[in-house]
Every structure is written in structure tokens, then in C-alpha cells.
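Single-letter residue listing:
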Amino acid sequence: DTGVSQDPRHKITKRGQNVTFRCDPISEHNRLYWYRQTLGQGPEFLTYFQNEAQLEKSRLLSDRFSAERPKGSFSTLEIQRTEQGDSAMYLCASSDSPGTANEQFFGPGTRLTVL
Amino acid sequence: AQTVTQSQPEMSVQEAETVTLSCTYDTSENNYYLFWYKQPPSRQMILVIRQEAYKQQNATENRFSVNFQKAAKSFSLKISDSQLGDTAMYFCALRPGAGSYQLTFGKGTKLSVIP
């Protein structure tokens, strides 16, 4: 296992289109996180799964955003009716449990450009 | 609400010298975790060092150490014997001790190591 992977690495879309990103966590990790990082900013938390249950959602996650982790393994993040403001790097991370300060391992990200 | 502030957008250091990156934070929690993450250009984020708030001893990892001042809510990162590979964005992050696994990041400090 080589770490968290994300697909695609880059996505260019037109405003109004739907996009879906995939994240494959480290295999034994049952916690999975999505963050969004815009230019010049630190990552901002979007949502968190423990196994298949979505346990936390940020206010940033508008109705146009939906995330799933159906079998507790990979996760998808879908953005419907994309807007130019959705242009960002979408980062996925995973961690194991139980734990206290367990490290979140980040993937390389999917860079979304909305034209 | 938690906040993390990194007041140095950019810093530079000569190779083999020592540099300190600043971070202040605000939280109402008594127990929490602090992290420094490194994001090299076009590469994924990796953990540099972590500190548990209930531990008074400052964390160290090889050339990296922190100065954790809980009362002042300060968490600075010292890099000794700087190497060219240390060139990266450095993000300070905070996570509550219980009830949430989301990381709150600062805006980052861009560190350049000069040969």
C-alpha cells in the first residue's frame, strides 16, 4: 500500500456541470476526511467518515456537495452544478482508530478548475 | 470556534541555519492536539510533528522541534540545520481532544531554504 490515492488529479469543467472525485484511503484506515484548499489558504474541513457513516459535515458543504463511502472503503465527493467559486484543490485524508492524536495521511489532491 | 493564525506568509533561511515558524491559536477546549504539516511544491502534505496539549514536554523529531506555550496559545516550529528539501509550505493545525476529528489549519508559511 502506497498511501492515499485520489482520482482524477486534475479536472477542468464548465460552470453548471457535475463532477465526481474518488478517494482510496490507506487500506486499514477506517476514518476518511475531505478538505478543500483554495490558493493561498490552508485546507478547510468539509466532511468526515468513520467506516461508512458520515459523522461530521462542515457548513461549507452546501446542498450541491455530497459525499459517500458506501462500503467503508473508498469515498466519492460529488459537486453538482459547479460554480467558479468551487475551483480549488480537494484533499482526501485517512487515519486509523482507536487513537488520540492519530495522524491524518493526505492524498495528492484533485485540482478542480471551473471555467 | 477554533482559529489558527500564522503571521508569517513567507520566510527564507540559509542552508544549515536555524529558522522558527510562528503559530498562535484559539480554542475553548482544555485538551487538544497541535500539528505542523509540510506541503512541498506539487506534492502531498505530510506530518512533521505533533503535540498533545496535556503534555508539557515539547515534542521533537530529529531536526524539528516545537515551543509549545499553552497559556499563550503559541506553538512555534523550529527547524535546525535547514536543508534544501525543507523548502515547502508549512501549515499549523489544531484538532479538538474529543468529539471531533476535523483539523483547523492556518494559512501557512512559505519557507524557502537558500543554498
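Residues numbered from 1 in each chain as written. Chains lettered and ligands numbered in written order. Predicted model: local features only at pLDDT ≥ 70, side-chain atom pairs only at ≥ 80, totals over all residues. Heavy atoms only, no water.

1. A few points about the environment of Lys107 of chain B
Next up, step 1: By the element assignment, Lys107 of chain B lies in the loop between β11 (104–105) and β12 (109–114).
Next up, step 2: For the pair Lys107 of chain B and Lys78 of chain B, spaced 29 residues apart in the sequence, the C-alpha separation amounts to 18 Å.
Next up, step 3: If sequence neighbours within four positions are ignored, Lys107 of chain B has contacts with Gly40, Gln41 and Gly42 of chain A together with Gln6, Met89 and Phe91 of chain B. (Helix = DSSP H or I, 4+ residues; strand = E, 2+ residues; numbered from the N terminus. Contact = heavy atoms within 4.5 Å.)

2. Considerations on the interface of chain A and chain B
Next up, step 1: Taken together, the 22 residues of chain A in the interface contact 18 residues of chain B.
Next up, step 2: With both chains or domains summed, chain A and chain B bury close to 1,800 Å², and 49% of this area falls on carbon and sulfur atoms.
Next up, step 3: Where chain A packs against chain B, one counts 9 residue pairs in polar contact (both at pLDDT 80 or more).
Next up, step 4: Of all the secondary structure elements, the ones that give two or more residues to the side of chain A that touches chain B are β4 (31–37) and β5 (44–50) of chain A.
Next up, step 5: Top element by residues in the side of chain A that touches chain B is β4 of chain A. It accounts for 4 residues.
Next up, step 6: Residue composition of the side of chain A that touches chain B, by class: 10 nonpolar, 9 polar and 3 charged. (Buried area = accessible area lost by both parts, 1.4 Å probe. Polar contact = N/O pair within 3.5 Å; in protein donor to acceptor, adjacent residues only side chain to side chain. Nonpolar A, V, L, I, M, F, W, Y, C, P; charged D, E, K, R; others polar.)

3. Regarding the side chain of Thr110 of chain A
Residue and element names in this part refer to chain A.
Next up, step 1: Here Thr110 is to be found in strand β11 (residues 110–114).
Next up, step 2: Within the structure, Thr110 has its side chain in polar contact with the backbone oxygen of Pro8 (distance 2.5 Å).
Next up, step 3: Not counting chain neighbours up to four residues away, the residues in contact with Thr110 comprise Gln6, Asp7, Pro8, Arg9, Phe21, Ala88, Met89 and Tyr90.

4. Description of the sheet that holds strand β1 (residues 5–7) of chain A
Residues and elements named next belong to chain A.
Next up, step 1: Ordered in space as β1-β3-β8-β7, the 4 strands form an open sheet in which the pairing is antiparallel. Looking at the sheet topology across the chains shown, the edges are occupied by β1 and β7 (65–68). Strand-to-strand twist of the sheet, defined as the mean angle between neighbouring strand axes without regard to direction, takes the value 15 degrees.
Next up, step 2: Sheet analysis places β7 next to strand β8 (residues 75–79), joined by 4 bridges and oriented antiparallel. Counterpart to Phe65 in the pairing with β8 is Ile79. (Pairing = 2+ DSSP bridges. Axes fitted to C-alpha atoms, helices over the stretch in contact; angles between N-to-C directions.)

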